[in-house]
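Now for the letters of each chain:
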Amino acid sequence: MGSKILWFVAVLAVITAGESSKSVGETCHPDDLKGLRSFKAGIHSDDSGRIDKWIGNSCCGWDGISCNNVTGRVTQINLPGFIATDDAPLQAYMYGSISPAITLVSNLEVVDLSGLVGLTGKIPPLIGFHLPGLRKLSLWGNHIEGALPESIGKLSKLEELCLNENSLSGSLPANLGNLKALRRLDLHSNRFSGAIPENIANLTSLESLSLQNNLLTGDIPVNIGDLQALKELDLSNNSLTGRIPSSITRLKAVSIIYLNDNQLVGGIPTVLGRDQLPCLGFLRLNDNRLTGRIPYSFGYLSSLQRVSLANNELEGPIPASLGDVTSLTELYLNGNKLSGRLPSSISRLSQLLMLTVSNNMIQGPLPHQMASLGNLQMLDLSFNRLNLSTIPKWLLKLPSLSRIYLADCKIQGEIPEDLRATPTPLQELDLSANHLNGKIPEWIGSLTELYSLNLSVNVLGGEIPSSVTKLARLGVLDLHSNKLSGSLQRVFQVESRFTTGGSLAFLDLSNNNFTSGIEQIGMGTQLEIQHINLSHNLIEGRLPDSIGRLESMKILDLSCNNLDSALPPLLANASSLETLKLQKNHFTGKIPSEFLKLRKLKELDLSDNSLEGKIPFGQPLINFPRGSYSGNKGLCGVPLEPCMP
């Protein structure tokens, strides 16, 4: 008898569920229907076509809409900009404004309108009162503006709040600390200002806190260490002040701490043992105003992989305990006041890939034990108090080293030939501001993987070797302030590994004794050059029409040479130009009217030439001061004196 009753109840439940499902599919709650239709009305473009299919009254069958199977109420709006497909994610764009009436859909648990790019409007002010069951609100990657409503603190079930990469402003609501269920708070890349609420430390379930790239001020909450579930903390690129709270060392789950690019002061908090910050793998404290020494207790941070303490006011020696952080792969200590020698214990960092200690007061000699750094790919020792005289042999034998920066290391003599035989082909080489002499060697062309070559501020002489044309990957060439002479044509004849465009982006040959070769500019395959400085040479000849082929060029400085003839009208084809400096040459004729096409021009200097006639009237030429045109006796017109009839 009992089994028959159970069977009857089960059958009745199935029938009831079927009828419920049927009723759910047939219609939509009036409030839900009104709220969704209002949302659709606010959208004027949806290239995915999803909301175009919102037809009829059965909203639970609409794209992106999910409903509760029992109540029939809408619980989710999922219309993200990135749509998963079998091949690759598809980017969908939606343009329009979020309707405040969306809060009529009062049973919502998930709202995902992220990454749609063109969505505008404001977060409904009363969202916290109307959507009490909301667990996820994701609107990142749009153009949402206005303030974060105070009512947001009423969303007691909220687990994810992702509003990053919008145009939100104002202060963070003081009641953010009420969101006890919150696991992810991502507000980065907006315009939020004011202080971080102290009660944010109440969010004990929080795993990720991202407030970077805002306008936040004030101190980091003193009890930040109470966020014991926190795995990621990013407060970078704000205007935070004060000291780093000592409580931060109590964060046992955190793997990422980014506090860089603020105005933080004081010392780096001391770690008291290996049980503090045991999971910390990535630490950025760079670009602040931190003082004092690097704590010896850094050696306790056994999980550290990448550390940047760059551009602070740290002093004293680099602690030998850093050698205990054997998982370290990147270490950036540049731009401080560190002194003493590099500790020999650094040789124990067998996983180290990048080491930068430039712009400090480090003294030599370098510890020869560093020869064991078999994985080191980049080493920057520039601008310290090293007196190397020569590049150590062991350094050039490091098996993985491809990027070497040894500027102002007091290296003397000719460019060492050992550089052509490094175990890994060189990609970047900076020997600037040393005492190198002799010529640039012909073998330089064998460094075919070279992307950046900086030999500036030395006493190198002679001509640029013909082999430089073989540097097909070269992107940066800086030879300024030497005694180089002859023709510069070879730099414009560098081969390109691309079919068009070339790799060269930055060229500085200023303050030398070059006399010719200007006719080759824009003639070869290197057409993507953005920065050219050939000033303060002895270059003669005329500026060729081919210079107009350099359409990516932003800076051109040919000042203080012996260039003559007329200015080429085709220079105006270099439409990306922002800086044009041609002063102190012998240019003649009129300023071409085509120069009015240089709409991006911000700096112009044509002074001290032999130009004549009326300055073409119009922007941008009339925006520059008189000094941009002075010293040309035949010039007239705005901003100079009016032309005579």
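Residues numbered from 1 in each chain as written. Predicted model: local features only at pLDDT ≥ 70, side-chain atom pairs only at ≥ 80, totals over all residues. Heavy atoms only, no water.

Explanation requested: the overall build of the protein chain in the structure shown.
Looking only at helices and strands, one finds three helices and 47 strands in the protein chain. Over its C-alpha trace the protein chain gives a radius of gyration of 32 Å, far above what one expects of a compact globule, namely 26 Å for 645 residues. Overall size of the protein chain, expressed as C-alpha extent along the three principal axes, is 110 × 75 × 45 Å. Going through the 645 residues of the protein chain one by one, you find that 52% of them count as buried. Long-range contacts, defined here as pairs at least 24 residues apart, represent 57% of the contacts in the protein chain between residues at least 6 apart. (Helix = DSSP H or I, 4+ residues; strand = E, 2+ residues; numbered from the N terminus. Rg over C-alpha atoms; globule rule 2.2 N^0.38 Å. Buried < 20%, exposed > 50% of the residue type's maximum accessible area, 1.4 Å probe, protein only. Contact = heavy atoms within 4.5 Å.)

Is there a simple way to explain the sheet that holds strand β1 (residues 43-46) in this structure?
Sheet strands associate in pairs through backbone hydrogen bonding, adopting either a parallel or an antiparallel arrangement. Read from one edge of the open sheet, three strands run β1-β6-β8, paired in mixed fashion. Single-partner strands in this sheet number two, and they are β1 and β8 (117-120). Averaged over neighbouring strand pairs, the angle between their axes works out to 10 degrees when direction is ignored. Note: strand β6 (residues 94-97) against β8, four bridges, orientation parallel. By the bridge assignment for β8, Tyr-95 is matched with Gly-118. (Pairing = 2+ DSSP bridges. Axes fitted to C-alpha atoms, helices over the stretch in contact; angles between N-to-C directions.)

How should I be thinking about the sheet that holds strand β14 (residues 191-194) in this particular structure?
Read across the sheet, four strands follow the order β10-β12-β14-β16 without closing on themselves; strand pairing throughout is parallel. Strands with a single pairing partner mark the edges of an open sheet, and in this sheet they are β10 (145-146) and β16 (215-216). In terms of strand pairing, strand β12 (residues 167-171) meets β14 through three bridges, oriented parallel. Within β14, the position partnered with Ser-171 by the bridge is Ser-193.

Quick question: what am I supposed to make of the UniProt feature "domain: Disease resistance R13L4/SHOC-2-like LRR" (unreviewed entry) in the protein chain here?
Within the UniProt annotation, "domain: Disease resistance R13L4/SHOC-2-like LRR" (unreviewed entry) is assigned to residues 130-212 and 277-489. Each end of residues 130-212 is marked by a C-alpha atom, and these two atoms are 29 Å apart; helix forms 1% of the span and strand 28%. Counted over residues 277-489, helix gives 0% and strand 26%. Its end C-alpha atoms are 57 Å apart. (UniProt positions renumbered as here; feature names shortened; annotations may be inferred.)

When you look at the environment of Ala-421 in this model, what are you seeing that I'm missing?
In this structure, Ala-421 sits in the loop between β30 (412-413) and β31 (428-430). With 25 residues separating them in the primary sequence, Ala-421 and Ser-446 have C-alpha atoms 9.5 Å apart.

Where do I start with the state of the cysteines in this structure?
What makes a disulfide is a covalent bond joining the sulfur atoms belonging to two cysteines. Evaluated as defined, the whole model comprises three disulfides. Paired through a disulfide, Cys-60 and Cys-67 show a sulfur-sulfur distance of 2.0 Å. Across the S-S bond linking Cys-60 and Cys-67, the dihedral sits near -100 degrees, which makes this disulfide left-handed. Each member of the pair Cys-60 and Cys-67 is classed as buried. (Disulfide = S-S within 2.5 Å.)

Would you take a moment to explain the side chain of Ser-297 for this structure?
Positionally, Ser-297 belongs in the loop between β21 (289-292) and β22 (306-308). Beyond its immediate sequence surroundings of up to four residues, Ser-297 is in contact with Thr-270 and Val-271.

Got a minute to help me understand the packing of aromatic side chains in this structure?
What describes a pair of aromatic rings is the distance from one ring centre to the other and the angle between the planes of the rings. Using the criterion set out here, one finds three aromatic pairs in the structure. When the centroid spacing of 6.2 Å and the interplanar angle of 20 degrees are considered together, the rings of Phe-82 and Trp-140 count as stacked. You can see Phe-82 sitting in strand β4 (residues 82-83) and its partner Trp-140 sitting in the loop between β9 (136-138) and β10, a full 58 residues away along the chain. Taking the relative accessible area as the measure of exposure, Trp-140 reaches 25% and is therefore partly exposed. Lying over the aromatic face of Tyr-258, Arg-284 brings its terminal NZ or CZ to 4.0 Å of the ring centre. (Phe/Tyr/Trp six-rings, centres within 6.5 Å; stacked < 30°, edge-to-face > 60°. Lys NZ or Arg CZ within 6 Å of the ring centre and 35° of its normal.)

What's the story with the pattern of salt bridges in this structure? I'm lost.
Oppositely charged side chains can form a pair if their charged atoms are brought close together. A complete count under the given rule lists 17 salt bridges for this structure. Residues Lys-53 and Asp-63 are paired through a salt bridge, measuring 3.7 Å at the closest nitrogen-oxygen approach. One end of the pair, Lys-53, is in the loop between β1 and β2 (65-67); the other, Asp-63, is in the loop between β1 and β2, and ten residues separate them in sequence. Taking the relative accessible area as the measure of exposure, Lys-53 reaches 52% and is therefore exposed. When its relative accessible area of 30% is taken as the criterion, Asp-63 is described as partly exposed. Here Lys-393 makes a salt bridge to Asp-418, at a shortest N to O gap of 2.6 Å. (Salt bridge = Lys/Arg side-chain N within 4 Å of Asp/Glu carboxyl O.)

How should I be thinking about empty space enclosed by the protein in this particular structure?
Regions of empty space are outlined by a rolling probe, equal in size to a water molecule, passed over the atoms. Enumeration over the complete set of coordinates arrives at two cavities of 30 Å³ or more. The computed volume of the largest cavity comes to approximately 130 Å³. Along the wall of the largest cavity there are 14 residues; nearest its centre are Ile-248, Ile-268, Pro-269, Leu-277 and Leu-283. When the residues that make up the lining of the largest cavity are grouped by side-chain class, the tally is 13 nonpolar, one polar and no charged. In this structure, the second largest cavity occupies an estimated 100 Å³ of space. Along the walls of the second largest cavity sit Ile-98, Ile-102, Leu-108, Val-111, Leu-113, Ile-123, Pro-124, Ile-127, Leu-131, Leu-137 and Leu-139, which together make up its complete lining. Class assignment of the residues belonging to the lining of the second largest cavity gives a composition of eleven nonpolar, no polar and no charged. (1 Å grid on protein atoms, 1.4 Å probe; cavity = no way out; pocket = protein on both sides within 12 Å on 5 of 7 lines; lining within 4 Å. Points joined across faces, edges and corners; volume = space filled by probe spheres on them. Nonpolar A, V, L, I, M, F, W, Y, C, P; charged D, E, K, R; others polar.)

How do you make sense of the nonpolar core when you look at a structure like this?
A general feature of soluble globular proteins is that nonpolar side chains tend to end up buried together. Membership of the largest hydrophobic core comes to 175 residues, with the highest contact counts inside it found for Leu-113, Leu-137, Leu-209, Leu-259, Phe-298, Leu-534 and Tyr-629. With three residues, the single largest contributor to this core is helix α2 (residues 30-41). Apart from the residues within four sequence positions on either side, Leu-534 is in contact with Leu-488, Phe-492, Leu-507, Leu-509, Ser-510, Ile-518, Ile-539, Asp-557, Leu-558 and Asn-561. (Core = buried A, V, L, I, M, F, W, Y, C linked by side-chain atoms within 4.5 Å.)

Please explain unusual backbone geometry as it appears in this structure.
Outside of glycine, negative phi angles account for most residues, and trans bonds account for most peptide bonds. For the bond from Gln-619 to Pro-620, the omega torsion is 5 degrees, close enough to zero to count as cis. By the element assignment, Pro-620 lies in the loop between β46 (610-614) and β47 (634-636). Omega for the bond connecting Val-638 with Pro-639 falls within 30 degrees of zero, at 10 degrees, which places this linkage in the cis form. Positionally, Pro-639 belongs in the segment after β47. Although it is not a glycine, Ser-189 sits at a positive phi angle of roughly 60 degrees. Along the chain, Ser-189 turns up in the loop between β13 (184-186) and β14. The class for Ser-189 is partly exposed, based on a relative accessible area of 23%. Although it is not a glycine, Val-457 sits at a positive phi angle of roughly 55 degrees. Inspection of the secondary structure puts Val-457 in the loop between β33 (452-454) and β34 (461-462).

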